[in-house]
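Breakdown of the fold
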Amino acid sequence: MLEVDKAEVKRARSLARKAGRPVVNLAKRHTTVSVERATLRLAGLSGADHELVPWVNHLVDAVRGQVGLESGVALPVWDALRRGEASDLTTLAQKAAAGAVTFRIPQGADATRAGKAARAAIARGIRTIDKQRVTRDKLIARHGDPKQKPWIYLIVATGDIYEDIPQAQAAAREGADVIAVIRSTGQSLLDFVPEGATREGYAGTYATQENFRLMRAALDQTSKELGRYVRLTNYASGLCMPEIATLAGLERLDMMLNDSMYGILFRDINPIRTFVDQRFSRQIHARAGIIINTGEDNYLTTADAVEAAHTVTVSQLLNEYFAKEAGLQDWQLGLGHAFEIDPSIPDSFRLELAHALLARTLFPDAPLKWMPPTKHMTGDIFRGYLLDGFFNLVGAITGQGILLVGMMTEAVVTPWISDRDLALQNVRYVLNAAGGLSEDFHPPRDGFIQTRAREVLGESIALLENILADSDASGDPPLLAAIADGTFGAMRRPASKGKGLDGVIRKAPGYLNPATDLLEEGATR
Amino acid sequence: MSPTRAHEARRRRENPRTGELSLAEAPSTGHGPIVRPYGDTTGDGMVQVSFTLPLPHDKRAEGAAIRLAHQMGIEPALLVHAKAIGPDFTFFVVYGPVKHVVDIRAIDIVEREFELLSSKEVNTAIRKHLRRKLVVVGACIGTDAHTVGIDAILNIKGFAGEKGLEYYRELAVHNLGAQVSIPELVNAAYDLKADAVLVSQVVTQKDAHLHNTTAMSAAFREAFPAGQVPHLVVGGPRFEEGSAPSLGVDRIFGRGTTPGEVASYLVHALVDPTTPQRTRKAKSA
């Protein structure tokens, strides 16, 4: 639909790669407490003490306190098990929490044996993820994919998993293909994953392994009832990104929100922590066959959606690079963008079309995630309903893959049952009436839409060039320097600051993480 | 308007029932003092409501919707739309005249207690009477990650065509962003010698905005000596006007507040030439 210079597109990708690669190298040189905890979760360690502090936190903290995490948690833990400090991981974590275990970094043959034992234990978790992926494929074959594109994505958020379940099932019956259980605000800044089924959350429900399991089981039932596989989404973001990704793989979630820079910019999480955690979580997602959703909509809600259009493209290109480097494939890249241009400016709809079309053209094989207006939803629900209709129309014309259903009561209340029903009627009407319009829609080469799209691509290339030219005194990769001086979202996030920095550890030469090894080798044992 | 309703309006004007306020009492032009909703004829009282009942869609559900509308004071209630939402719920749209009237003389409103100033007047007032920059620290506290509110007020870009506080030459604005913990905010206010602290609470559930606000004001009163606490201002769509004292803050701003209003208010509250300047700078020692 859009004629862009192939050389320009190639150039944009190569610049994104140049900006991303040093950051990946930096990520490879570090581990984090959450990566190490995720490793233990793969080996089957779960549960929490009576104060709900997870055993993985206890064990990682104990190891770190005694011998550090520079060699990884696997070697000292499986060495302790081999020395008979405890009979299993949970007992070891319990004893370690009480200070009754002495850890050491095993050397020589001890290290080899500990590494082998660790690999065997962790491989069981990886195989569970593999099995879940096979199960998903089977269920999709049995029940089928949604009949239409884009897939209809609806959010459920009550705070109580037992309220979420009937709401999610009702939403699926009403036509939702993807259910996202939004997380409790603030979970992103917790440095542990809460445990068990939860009934208390603010503006969302905690992501826990048990909540994942309960919701997936309920949606499996509904998928059977509806003859359509209903996908489940949660958030692999914040300080526990690797662990939540792991739990998602183990419990067969189908999509995860997972952005390369969102936590840095909008949650003030340390940049290095984010990039390390993100790489591990994306390796898990790749293995688990999970589709990631990136968060470019956020750039548009915090800045002007016309002026910042190119930052979305740049972020999509970076997200694509980081995702592919971690092993994700095109079909797994739900790159985000949003309908957030001020509706009072002239040609706002044409601008939206141009931006959406650019994303579609740059990433032809990715199931783009199209997000509805929020910033210019004023509380006038009638006007909001119309705006959502136009949003749906852009989604239909430009062939988006995943359409997050906009609510006319955005900025008023968390959606009521009737809001959701009306919103779905809106989507269905537009898709039914204009779903095939992409066939007829060929904006002229020198018309407003194509010209604008090319302009945004040009600005994106210029911004990437700017990023690559950036530098700072400590010699950080240019992308980190750019993040530090406020290139994105006008937020300054230096690599030496931010939440979770104390959980970042530089790897020592003998570092071992069998989970990363298994993921990178594609091995099962 | 249907003939029935036009007739109804006429009847109420000319021949009100006992206890029913005659539409003749309400002047047909001008504003009040007795008002009722306006559809297309003065005094017709027309409203629209929509709601969902937890009933399957059938005659009984429709009857229930009409009865509910009656109890809400809508009579006659015109059920214009009913649609099943799944097997257990029905959505209704009801139109009709409400029998209630409002006497606007009995409404208590918080009149704006300060004069609206232009940005130039704000700057001049600060320069002239405070003789230094007025320091404003803003943040979203607690778990609220939605900076739209605070950004609309503080960022240069502003809101509703008005530039944000960062635009004012005589205001030193520090926007701490989202998910700032209360201790962080108190420390920042202390270090920056804040004259005013602006806190935004947009997304809230189970009264989180109220809990956060009282916790915040308590923390400030604990950390600062009496009389030296920065001026505490909270904003957000869910706050009630007039609840500032019970929350322990100095002022609350609701939905639709513009940066210019906040700036004018700050001048009114902090640089009024008739109030003596506070001498809380000693604490920096």
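Residues numbered from 1 in each chain as written. Chains lettered and ligands numbered in written order. Predicted model: local features only at pLDDT ≥ 70, side-chain atom pairs only at ≥ 80, totals over all residues. Heavy atoms only, no water.

**Considerations on the overall build of chain A**
To keep things clear, this is the line we draw: Per the convention used, a helix needs a DSSP run of H or I reaching at least four residues, while a strand needs a run of E reaching at least two, with both numbered from the N terminus. Just to be clear, the radius of gyration here is over C-alpha atoms, and the globule rule we use is 2.2 Å times residues to the power 0.38. Relative accessible area decides the class of each residue, using a 1.4 Å probe on protein chains only: under 20% of the type maximum gives buried, over 50% gives exposed, and in between gives partly exposed. By definition, residues are in contact when any of their heavy atoms lie within 4.5 Å.
Helix and strand counts for chain A come out as 20 helices and 11 strands. In terms of overall size, chain A behaves like a compact globule, its C-alpha atoms giving a radius of gyration of 23 Å where 525 residues would be expected to give roughly 24 Å. A total of 525 residues make up chain A; the buried ones form 62% of that total. The contacts of chain A with a sequence gap of at least 6 include a subset with a gap of at least 24, amounting to 74%.

**Brief notes about the nonpolar core**
Test applied: Among buried residues, those of type Ala, Val, Leu, Ile, Met, Phe, Trp, Tyr and Cys that are joined through side-chain atoms within 4.5 Å constitute a nonpolar core.
Within the largest apolar cluster, 167 residues are counted, with the highest numbers of intra-cluster contacts made by A:Leu40, A:Leu59, A:Val77, A:Trp78, A:Phe103 and A:Phe488. Not counting chain neighbours up to four residues away, the residues in contact with A:Trp78 comprise A:Leu40, A:Ala43, A:Leu89, A:Ala114, A:Ala117, A:Ala118, A:Ala121 and A:Ile122. Formed by 28 residues, the second largest nonpolar core is a distinct cluster that contains B:Ile126, B:Val136, B:Val173 and B:Leu266.

**Focus on empty space enclosed by the protein**
Residue and element names in this part refer to chain A. Going by this rule: Cavities and pockets were defined on a 1 Å grid built over protein atoms only: a cavity is a set of grid points that admits a 1.4 Å probe from which the probe cannot escape, a pocket is an open set flanked by protein on both sides within 12 Å along at least five of seven lines, and lining residues are those with an atom within 4 Å of any such point. Grid points are joined across faces, edges and corners, and a volume is the space filled by probe spheres set on the points. As a working rule, the residues Ala, Val, Leu, Ile, Met, Phe, Trp, Tyr, Cys and Pro are called nonpolar, Asp, Glu, Lys and Arg charged, and the rest polar, with Gly in that last group.
Inspection of every chain in the model, using the stated rule, returns 5 cavities of 30 Å³ or more. Space inside the largest cavity adds up to approximately 140 Å³. What lines the largest cavity is a set of 15 residues, and nearest its centre among them are Leu300, Ala309, Val312, His337 and His355. Elements that contribute at least two residues to the lining of the largest cavity include exactly α13 (309-325), β8 (336-338) and α14 (348-362). When grouped by side-chain class, the residues that make up the lining of the largest cavity number 10 nonpolar, 4 polar and 1 charged.

**A short note on the packing of helix α9 (residues 241-250) of chain A against helix α11 (residues 271-288) of chain A**
Axis angle and axis distance: for two packed helices, these are the angle between their axes and the distance between the axes, and together they describe the pair. All names here are of chain A. Using the following cut-off: What counts as an axis is a line fitted to C-alpha atoms, over the stretch in contact for a helix, and the angles between N-to-C directions run from 0 to 180 degrees. Oblique is the label for every angle not falling under 35 degrees (roughly parallel), over 145 degrees (roughly antiparallel), or within 65 to 115 degrees (roughly perpendicular).
Packing of α9 against α11 brings their axes to within 8 Å, and their N-to-C directions diverge by 10°. Overall, the two elements α9 and α11 adopt an arrangement that is roughly parallel. Residues Met241, Pro242, Ala245, Thr246 and Gly249 of α9 pack against Thr274, Asp277, Gln278, Phe280, Ser281, Ile284, His285 and Ala288 of α11. When its residues are assigned to classes, the contact of α9 with α11 shows 6 nonpolar, 6 polar and 1 charged.

**Overview of the layout of surface pockets**
Reported here for the second largest pocket is a volume of approximately 400 Å³. Around the second largest pocket, the lining is made up of 17 residues, and of these A:Ile381, A:Phe382, A:Met408, B:Ser50 and B:Phe91 lie nearest the centre. Those elements that place two or more of their residues in the lining of the second largest pocket are α15 (381-397) and α16 (417-434) of chain A together with β2 (46-53) and β4 (89-97) of chain B. Tallied by class, the residues present in the lining of the second largest pocket amount to 11 nonpolar, 5 polar and 1 charged.

**Focus on helix α3 (residues 55-67) of chain A**
Because each turn of an α-helix spans 3.6 residues, side chains separated by three or four positions in sequence point in the same direction. Residue and element names in this part refer to chain A. So the rule is basically this: Expected span of a helix: the number of residues minus one, times 1.5 Å.
The end-to-end C-alpha distance of α3, which contains 13 residues, comes to 18 Å, matching closely the 18 Å that a straight helix rising 1.5 Å per residue would cover. Every buried residue of α3 is listed here: Trp55, Val56, Asn57, His58, Leu59, Val60, Ala62 and Val63. On the buried face of α3, the contacting elements are α2 (33-42), α4 (74-82), α5 (89-97) and α9. Remark: Gly68 follows α3 within two positions and exhibits a positive phi of approximately 80°.

**Looking at the pattern of salt bridges**
Residues and elements named next belong to chain A. In plain terms, the rule: Each reported salt bridge corresponds to a side-chain nitrogen of Lys or Arg within 4 Å of a carboxyl oxygen of Asp or Glu.
By the definition in use, this model includes 38 salt bridges over all chains. Asp130 is the salt-bridge partner of Arg287, the closest N and O atoms lying 2.8 Å from each other. One end of the pair, Arg287, is in helix α11; the other, Asp130, is in helix α6 (residues 108-143), and 157 residues separate them in sequence. What makes Arg287 buried here is its relative accessible area of 13%. One salt bridge in this structure joins Asp220 and Arg252, with 2.7 Å as the shortest N-O distance.

**Overview of the packing of aromatic side chains**
Residues and elements named next belong to chain B. The condition is simple: Only centres within 6.5 Å qualify two rings of Phe, Tyr or Trp (six-membered ring in Trp) as a pair; their planes then separate them into stacked at under 30 degrees, edge-to-face at over 60, and tilted for everything else.
In total, this model carries 12 aromatic pairs over all chains according to the counting rule given. Between the aromatic rings of Phe114 and Tyr265, the centroid separation amounts to 5.5 Å while the plane-to-plane angle is 65°, which identifies the pairing as edge-to-face. In this pair, Phe114 sits in the loop between β5 (102-103) and α3 (119-130) while Tyr265 sits in helix α8 (residues 259-270), placing the two residues 151 residues apart along the sequence. Each member of the pair, Phe114 together with Tyr265, is buried.

**A few points about the interface of chain B and chain A**
For clarity, the cut-off: Using a 1.4 Å probe, buried area is obtained as the accessible area two parts lose upon being combined, added over both of them. For this analysis, a polar contact is any N or O atom pair within 3.5 Å, provided that within protein one partner can donate a hydrogen and the other can accept it, and provided that sequence-adjacent residues contribute only side-chain to side-chain pairs.
Opposite the 19 residues of chain B that make contact, chain A presents 24 residues. Across the chain B/chain A interface, buried area totals approximately 1800 Å², and carbon plus sulfur atoms make up 52% of it. The interface formed by chain B and chain A includes 1 salt bridge. One can count 2 residue pairs in polar contact (both at pLDDT 80 or more) joining chain B with chain A.

**Quick word on the sheet that holds strand β8 (residues 196-200) of chain B**
Residue and element names in this part refer to chain B. Which entries qualify depends on this criterion: Here, any two strands with at least 2 DSSP bridges between them count as paired.
Across the sheet, 5 strands lie side by side as β7-β6-β8-β9-β10; this open sheet has parallel pairing. Two strands lie at the open edges of the sheet, namely β7 (171-175) and β10 (251-253), each paired on one side alone. Neighbour-to-neighbour, the strand axes of the sheet open up by a mean angle of 20°, direction not taken into account. Two elements, strand β9 (residues 231-235) and β10, share 3 bridges in a ladder whose sense is parallel. Pairing of Gly235 across the sheet is with Phe253, part of β10. Helix α6 (residues 208-223) rests against β8 and β9 of the sheet, and its axis sits at about 170° to β9.

**Focus: α16(A)**
An ideal rise of 1.5 Å per residue puts 26 Å on 18 residues; α16(A) measures up with 26 Å between its terminal C-alpha atoms. The complete set of buried residues in α16(A) reads A:Ser418, A:Asp419, A:Arg420, A:Asp421, A:Leu422, A:Ala423, A:Leu424, A:Asn426, A:Val427, A:Val430, A:Leu431 and A:Ala434.

**Points about the pairing of β4(B)**
Residue and element names in this part refer to chain B. With 7 of 9 residues buried, β4 is to be regarded as a mostly interior element. Pairing geometry for β2 and β4, over 8 bridges, is antiparallel. In the sheet register, Gln48 faces β4, and the bridge partner there is Tyr95. Relative to β4, strand β3 (residues 78-85) runs antiparallel, the two sharing 7 bridges. Opposite Ala82, over in β4, you have Phe92 as the bridge partner. Taking the residues that link successive antiparallel strands as the turn, the β3-β4 hairpin has 3 residues, and the phi of Gly86 there is positive, at about 65°.

Without other data, these values stay purely geometric and don't point to any function.
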